[in-house]
Amino acid sequence: MALLHRATLRPSKLDLLATWLPGQPWYRGPVGADVLSRGAYRFDDPAGAVGIETMLVGTADGPVHQVPLTYRAEPLDGADDWLVGTTEHSVLGPRWVYDGCADPVYAAALADAILAGTGQAEQYFEVDGRRELREPTMTIVAGGAGVPPVGDGGPVVDEDATLIVTDSVELLVVRRPGTLATDAAGAVLSGNWDGQPTTVPLAYARAR
């Protein structure tokens, strides 16, 4: 379960991504254009310390890009190169926003979602002491069975897809869903969103 706050972010997530995306090797789109949200899904951090959200974004005329994000109250050691930016959350205070592919909490959550079938987290707003369900903006489905614990992270290779190698699992995150031709082995996480009527692969996972 993901408990959300009705809050203001300054700068907003889309503003951060508009600056950060053009510097990524897998980005295909104009520089300086407005970034639009196409959909998003969340995973749950069992420890409750890290926010985990994957956004599907793009410009008006460009392809959709998949950007896993993690939100932290403090900087993540060794992840400076993966920092998307910092923002001020009107409820939680300063937040460090990272490309989730370099965050071990995201890697563990993605592996669980694909191989253990945990799927996406239900999202709730807390309003006047009660919780209101927030309807998801996209649907994801996973197929797989049996995932070992995700160990220490290894190299992250950033190309048209991002490969996350841990001690026990290899994860492949598709950066432009629907455009990457891949024969990746393993269980798959797929999804669709408004404007994408068919289900397309979002990520793959396999035990090492």
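Residues numbered from 1 in each chain as written. Predicted model: local features only at pLDDT ≥ 70, side-chain atom pairs only at ≥ 80, totals over all residues. Heavy atoms only, no water.

1. Structural notes on the pairing of strand β15 (residues 196-207)
In this structure, strand β13 (residues 169-174) lies alongside β15, joined through five bridges in antiparallel fashion. Looking at β15, one finds that Leu-171 is bridged to Ala-205. With six bridges connecting them, strand β14 (residues 187-193) and β15 associate as antiparallel partners. Across the sheet, the residue bridging to Ser-190 is Pro-201, located in β15. (Pairing = 2+ DSSP bridges. Helix = DSSP H or I, 4+ residues; strand = E, 2+ residues; numbered from the N terminus.)

2. Looking at helix α2 (residues 104-115)
Side chains three or four residues apart in an α-helix point the same way, a direct result of the helix having 3.6 residues per turn. Between the first and last C-alpha of α2 there are 16 Å, a value that for 12 residues agrees with the 16 Å anticipated at 1.5 Å per step. Among all positions in α2, only Tyr-106, Ala-107, Ala-109, Leu-110, Ala-111, Ala-113, Ile-114 and Leu-115 are buried. The N-cap residue of α2 is Asp-103: its side-chain oxygen and the backbone nitrogen of Val-105 are 3.0 Å apart. (Expected span 1.5 Å × (residues − 1). Buried < 20%, exposed > 50% of the residue type's maximum accessible area, 1.4 Å probe, protein only. Polar contact = N/O pair within 3.5 Å; in protein donor to acceptor, adjacent residues only side chain to side chain.)

3. Some details on the sheet that holds strand β4 (residues 51-58)
If you trace the six strands from one edge of the open sheet to the other, you get β2-β6-β7-β5-β4-β3, paired in antiparallel fashion. Whereas interior strands pair on both sides, the edge strands pair on one side only; in this sheet they are β2 (9-10) and β3 (36-43). Where helix α1 (residues 13-20) meets the sheet, it contacts β2, β3, β4, β5 (65-72), β6 (83-89) and β7 (93-99), and its direction lies at approximately 155 degrees from that of β6. (Contact = heavy atoms within 4.5 Å. Axes fitted to C-alpha atoms, helices over the stretch in contact; angles between N-to-C directions.)

4. Overview of the pattern of salt bridges
Under the defined criterion, the tally for this structure stands at eight salt bridges. Residues Glu-53 and Lys-13 are paired through a salt bridge, measuring 2.9 Å at the closest nitrogen-oxygen approach. Taken together, the residues Glu-53 in strand β4 and Lys-13 in helix α1 connect sequence positions 40 residues apart. Taking relative accessible area as the criterion, Lys-13 reaches 21% and is therefore assigned partly exposed. (Salt bridge = Lys/Arg side-chain N within 4 Å of Asp/Glu carboxyl O.)

5. So, the packing of aromatic side chains
Taken as a whole, this structure holds three aromatic pairs when the rule is applied. Ring geometry for Tyr-41 versus Phe-43: centroids 5.6 Å apart, planes at 65 degrees, classification edge-to-face. For Tyr-41, a relative accessible area of 1% gives the class buried. The class of Phe-43 is buried, set by a relative accessible area of 4%. (Phe/Tyr/Trp six-rings, centres within 6.5 Å; stacked < 30°, edge-to-face > 60°.)

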